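One letter stands for each residue in the lines below.
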Amino acid sequence: MKLAAVAFYGLAVGLLAVGLRELLTGFEENRCSMTYMFEYPEYRRVALPRRVARLYPAYGLYLYGEGLYAQETRALKLTGAPVLFLPGNAGSHKQARSLGSVALRKAENVEGGLHFNVFTVDFNEELVALYGGSLLRQTHFLHESIKAILRLYKHLKTPPQSVVLVGHSMGGVVARALFTLPRFNTNLVGLIITQASPHLAPVLALDPYLLDFYAAVRQKWVNHAKKLRNVTVLSVGGGYRDYQVRSGLTSLPCTPGDPNKLSLVATAVPRTWVSTDHLSIVWCKELVLATVRAFFDLLDPETRQFTVNPEKKMAVLNHHFIRHPVRMLGDTEDISLSDFPEAWSEVNTLRLAYSTPKEGQVKYFRFALSSRRKAYSHFYCRSSNMEMTSWVYGCVHKNSSSCVHAEDLSTGTELLPPYKILILSLSDLSSVTHLVVSASNLNGKQFTVECEWQRQASQTLSVPVPHVLSFGLTVSDVSLNSSGLLHTIKLQHFHQVYQAFRITVASQCKVNKDRLPNVYRIHVSWFGEDSLTTVSVPSVTEMSAMLHTSRPDNASGVLLQLHTAPNCQYKVSVRTSLPRVLGQILRFCGPMVPVYTAVTLLQACGGQLSSILKSRRAADMSLVVAKGLQPHKVNLPVYLLHILLGCSWFQEVWSFLYLPHMDALPPTHPDAGSPEGVPPGEEWPLLLSPLLYILGAAVAYWGSTLLRLIMRLISLILAPLHRPSVSRDCGTLQLRTQLLVTLCLIVVGGVSCGALAIFAAFLLHLYRLLRLQMTERSLSHMLNLAPEKHRKAENGTVDSESLRQSKECNGAPLLSECALQEVRDDLQLHLCLSALSTLPVMLIAPSLIHWIRNLRYSTQLDPDPCWPSSVPLIVVYILLINCNTLKISNSKLLPLTSCLPLPLSIAMVTFSPLHLYRVTHFLLAALVPVALCCVL
């Protein structure tokens, strides 16, 4: 049985390791360029009113500067446009140096002296992603900082009326929380750019303050969407490199169709096209440049401040973060095409491939539309000239050599890494007679232009993706026999986040010659999470196909767009990748694993109590933990509850009992509503719950094994410091001592930090476990060194009095196998209780760390999420110190106590996936009866 358990849980932890490896390392290398400061950075502290400084002693406001600019702004007489950077979880205010330095360098080349003043807030590097008690305090300080910044510009004739906010991680959530403040003027902030900010839901909800904060922010932005239409928000996720905040959580929860809210992933940002980890998104040069370029385009030359026009703001953000066409919508350009006949060439073939010479020249290619309208649906053109100038025109009227009137069609241009492309639908060009492509290179720069007529229907194929359970054994492949420049493959049935595929594209060309690189693009229509791969031809390329968000019901599917080389053949193969599937499951369902770990340990504790009830003996810890995996007892009732909640009568009963919503993980749809309950189409985590239960049980099994080994090691180290003991009562406390210690810890928790008191009580219980481990070792050694009397007792060669004393197990501690068995039973019981007690300590650790880091500002944690549960936890931990198998077996509460773990496990799975802090409450509900068994 034990060997089978080791093999099973070894396989389970192997699956967990494969998933974790894929989650933490299964992505592209970091292709971000580093941003560098050309001069020494300085952070000048901005004085705040005394009231603000007294209320928020741990926080500060700084102005970023370098070199001459830092000297010029010493007196804080500022003339630029204010930008405020907000660090995130454990983030430093010095992270603003990348944005500030690039903005300063960029301003040197801008006419008119337009520039920015980059401010940054010091939030004392607080762990606000895990401890939500500081979020509201940070929001209030941000409000005061904005007012202080705007006061610095009162000397100007036209001072700025608003501040642009750039928030990283939780800083972006705090930026949006500003609007929940009752006295906040919404005109103070007109633009918010967030980087890797979990807007949809917290990554881990370890206290109720975090969820209350998110609920308030969501309610404000959804219920008051019309009032906040003038506030433009852009949310950028990092992609798969960011395993701390998955990009699906960066989607902005807002009303459908809100035109002033944008959510996308860094891999889809033009001129960026890279995935960033959670920290590099702040300094990634490609992304910082896109942000600074957008800022300069948002400046109004007359006021020298950011524009307040929402349409202008969205046009600029779309230009730099979505498509990046030749120019922004609304800008005009004079069209002047050469009248020289030698500059024009008529193209009568289906495809054009032209490379410009080294000498500068004026060159236009003209394509007649009249003969192509019936046979073709689209015109595709690409150019390796990456200059953002007009290059494709439509002739409305023409003479024999040139266009009399031309219409600029370049606004639909889209940037790809090696070239820019333009796809025109002929049905939209009813008034155009000819298309003109400019290949002029007056500066002598060489580039290549390739164009062709396309039948989009014939160059679009569909491939059903393999089932997620095919384990990579089934392959879906398709060969592209057409020699076009663009092919589109629809990946059918690819719409869920738990799907993950390995796509292989093999290209072969008949003639070896220089060609433009190929670009393979996975296009997701419902969310800005496109990913691009640039390769040379011929080649064999492997790509990962995964989703950050699930497909809404009204969205089209995932497309694989291949920008290919002419006269080459391509073969595309799609197969399921099991490691990536496991990685996706952990990425989206990771918070369920600790819940099932707690369930397994709770079931193990129930098994231990049942063993004591039946045989008055404690079972081996590894055996009861191995039996803690009981999906048929835990998951089936949860499935039944989910089905019954679909019935209106059951919902009424549920509401009548004032039960909370059935908990669920954050939704994976980008436009999903509130995360309360299980939304339609989001049932797949329930179907995966047996697998998650196995992974959680593996963590519990090997974690408890590790705990046992650590206790043995520590007991060996501490043994010389303690007198050898052979009593099962070693490490226990007298009643008076128990009362005194309990009272002291409760007072300490009330005046300082509840987590500190809980941790101290846990250490006292852990000391009891260490003493039992030492006693078990001492008794074993003594019996090995002096076993003669015990052997005689077994053979009947000692007198009856000696035999009676050696077999007496309930009296004073004796040197006997019976006494050793008692100690071992107590040791196994306390190992189970310690493993179970470790989970609340781990869940409250962020509060304790936050309190320690803020000790120089305050000795009391306010608010304290642990205080409501700290008193019963302290009492329980202290009572469990004196617990042993004899007391529990004699308790009348034992039959009832042994039955509690199963319903508590079901309740934990039902109500804790999103509210992880509830795990502590359910474990406390199980430990209280055990503690009572020791005294009643």
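The name an unreviewed UniProt entry gives the protein chain is GPI inositol-deacylase, with Gasterosteus aculeatus aculeatus as the organism. Recorded under Function (unreviewed entry), the UniProt text for the protein chain is reproduced unchanged: "GPI inositol-deacylase that catalyzes the remove of the acyl chain linked to the 2-OH position of inositol ring from the GPI-anchored protein (GPI-AP) in the endoplasmic reticulum. Initiates the post-attachment remodeling phase of GPI-AP biogenesis and participates in endoplasmic reticulum (ER)-to-Golgi transport of GPI-anchored protein."

Draft legend 1. View of the overall build of the protein chain. Summing up its helical and strand segments, the protein chain has 27 helices and 29 strands in all. Seen through its C-alpha atoms, the protein chain measures out along the principal axes to roughly 130 × 70 × 60 Å. Considering the protein chain as a whole, with its 936 residues, one finds that 57% of them fall into the buried category. A fraction of 81% describes how many contacts in the protein chain between residues 6 or more apart in sequence connect residues 24 or more apart.

Draft legend 2. Structural context of the environment of Leu200. Positionally, Leu200 belongs in the loop between strand 6 (189-195) and helix 7 (208-223). Beyond its immediate sequence surroundings of up to four residues, Leu200 is in contact with Tyr214, Arg218, Gly248, Leu249, Ser251, Pro253, Pro667 and His669.

Draft legend 3. Seen up close, the packing of aromatic side chains. For the structure shown, the criterion picks out 26 aromatic pairs. Joined through ring pairs, the aromatic side chains of Phe8, Tyr9, Tyr701 and Trp702 make up one cluster. Over the ring of Trp221 we find Arg176, and its NZ or CZ is 5.0 Å from the ring centre. In this arrangement the basic side chain of Arg382 is found over the ring face of Tyr419, its NZ or CZ atom lying 5.1 Å from the centre.

Draft legend 4. Here's a closer look at the UniProt feature "transmembrane region" (unreviewed entry) in the protein chain. The UniProt entry lists residues 738-767, 829-849, 869-886 and 893-911 under the feature "transmembrane region" (unreviewed entry), expressed in the numbering used here. With 100% helix and 0% strand, the stretch residues 829-849 has end C-alpha atoms that lie 30 Å from each other. Along residues 869-886, the helical share is 83% and the strand share 0%, with 28 Å between the first and last C-alpha atoms.

Draft legend 5. Fine view of the sheet that holds strand 21 (residues 460-464). Taking strand neighbours across the sheet as the criterion, the five strands line up as 21-23-28-25-26 in an open arrangement whose pairing is mixed. Edge positions in the open sheet fall to strand 21 and strand 26 (531-535), since each of these has one partner strand only. In this sheet, adjacent strand axes meet at a mean angle of 20 degrees when their direction is disregarded. With five bridges connecting them, strand 25 (residues 518-524) and strand 26 associate as antiparallel partners. Note on strand 26: the bridge partner recorded for Asn518 is Val535.

Draft legend 6. Quick peek at the packing of helix 19 (residues 754-785) against helix 23 (residues 867-881). For the pair helix 19 and helix 23, interaxial distance at closest approach is 9 Å and the crossing angle is 10 degrees. For the element pair helix 19 / helix 23, the angle class is roughly parallel. Residues Gly754, Ala757, Ile758, Ala761, Phe762, Leu764, His765 and Arg768 of helix 19 form the contact with helix 23, whose participating residues are Ser870, Leu873, Ile874, Tyr877, Ile878, Leu880 and Ile881. Counted by class, the contact of helix 19 with helix 23 contains 11 nonpolar, three polar and one charged residues.

Draft legend 7. Geometry of a nonpolar patch on the surface. A contiguous nonpolar surface patch, about 550 Å² in accessible area, is contributed by Trp649, Val653, Phe656, Leu657 and Leu659. Looking at the element boundaries, Trp649 is found in helix 15 (residues 648-656). A residue is classified by how much of its surface remains accessible, and Trp649, at 51% relative accessible area, is exposed.

Draft legend 8. Expanded view of the sheet that holds strand 29 (residues 568-576). Read across the open sheet, the four strands follow the order 22-29-24-27; overall the sheet is antiparallel. Strands at the two margins of the open sheet, each flanked by one partner only, are strand 22 (475-480) and strand 27 (539-546). Across the sheet, the axes of successive neighbouring strands diverge by a mean angle of 15 degrees, strand direction being ignored. Here strand 24 (residues 500-509) runs beside strand 29; their pairing, made up of nine bridges, is antiparallel. Residue pairing for strand 29: Ile503 is matched across the bridge by Val574. Together, strand 24, strand 27 and strand 29 form the strand contacts of helix 11 (residues 578-589), whose direction differs from that of strand 24 by roughly 140 degrees.

Draft legend 9. Just unusual backbone geometry, in detail. In this chain, Val537 is followed by Pro538 through a cis amide linkage whose omega measures -5 degrees. Structurally, Pro538 is set in the loop between strand 26 and strand 27. That bond from Asp862 to Pro863 is cis: its omega, -5 degrees, falls within 30 degrees of zero. Of note, Pro863 is situated in the loop between helix 22 (817-853) and helix 23.

Draft legend 10. Just the state of the cysteines, in detail. Inspection of the entire model under this criterion finds three disulfides. Cys32 shares a disulfide with Cys284; S-S distance 2.2 Å. Looking down the S-S bond of the Cys32 and Cys284 bridge, the torsion is -90 degrees, so its handedness is left-handed. Taken together, the residues Cys32 in the loop between helix 1 (2-25) and strand 1 (41-45) and Cys284 in the loop between helix 8 (280-283) and helix 9 (285-298) connect sequence positions 252 residues apart. For the pair formed by Cys32 and Cys284, the shared burial category is buried.

Draft legend 11. Geometry of the nonpolar core. Counting residues in each nonpolar core, the largest one holds 144 residues, and the members touching the most others are Ile489, Ile503, Val572, Tyr877, Ile888 and Met908. The element best represented in this core is helix 22, accounting for 15 residues. Those residues within four positions of Met908 in sequence are excluded, and the remaining contacts are Val595, Ala598, Val599, Leu602, Pro913, Val919, Phe922 and Leu923. Of all hydrophobic cores here, the second largest spans 95 residues; its members include Phe141, Tyr214, Val233 and Leu287.

Draft legend 12. Highlighting the pairing of strand 28 (residues 558-563). Burial runs high along strand 28: six of the six residues are buried. The two faces of strand 28 match: Val558, Leu560 and Leu562 on one face and Leu559, Gln561 and His563 on the other face are all buried. As paired strands, strand 23 (residues 486-492) and strand 28 are joined by six bridges and run antiparallel to one another. Across the sheet, the residue bridging to Leu491 is Val558, located in strand 28. Pairing analysis gives six bridges linking strand 25 to strand 28, with the strands arranged antiparallel. From the neighbouring strand, Tyr520 faces strand 28, where its bridge partner is Leu562.

Draft legend 13. Expanded view of the side chain of Gln738. By the secondary structure assignment, Gln738 is in helix 18 (residues 735-751). Dropping the residues within four chain positions of it, Gln738 is found in contact with Leu733, Ile878, Leu879 and Asn882.

What counts as what
- Residues numbered from 1 in each chain as written.
- Predicted model: local features only at pLDDT ≥ 70, side-chain atom pairs only at ≥ 80, totals over all residues.
- Heavy atoms only, no water.
- UniProt positions renumbered as here; feature names shortened; annotations may be inferred.
- Helix = DSSP H or I, 4+ residues; strand = E, 2+ residues; numbered from the N terminus.
- Buried < 20%, exposed > 50% of the residue type's maximum accessible area, 1.4 Å probe, protein only.
- Contact = heavy atoms within 4.5 Å.
- Phe/Tyr/Trp six-rings, centres within 6.5 Å; stacked < 30°, edge-to-face > 60°.
- Lys NZ or Arg CZ within 6 Å of the ring centre and 35° of its normal.
- Pairing = 2+ DSSP bridges.
- Axes fitted to C-alpha atoms, helices over the stretch in contact; angles between N-to-C directions.
- Parallel < 35°, antiparallel > 145°, perpendicular 65-115°, else oblique.
- Nonpolar A, V, L, I, M, F, W, Y, C, P; charged D, E, K, R; others polar.
- Patch = residues over 30% accessible without salt bridge, like charges linked within 9 Å, V, L, I, M, F, W, Y side chains within 5 Å.
- Areas by Shrake-Rupley, 256 points an atom, 1.4 Å probe, with all protein chains shown as cover.
- Salt bridge = Lys/Arg side-chain N within 4 Å of Asp/Glu carboxyl O.
- Disulfide = S-S within 2.5 Å.
- Core = buried A, V, L, I, M, F, W, Y, C linked by side-chain atoms within 4.5 Å.

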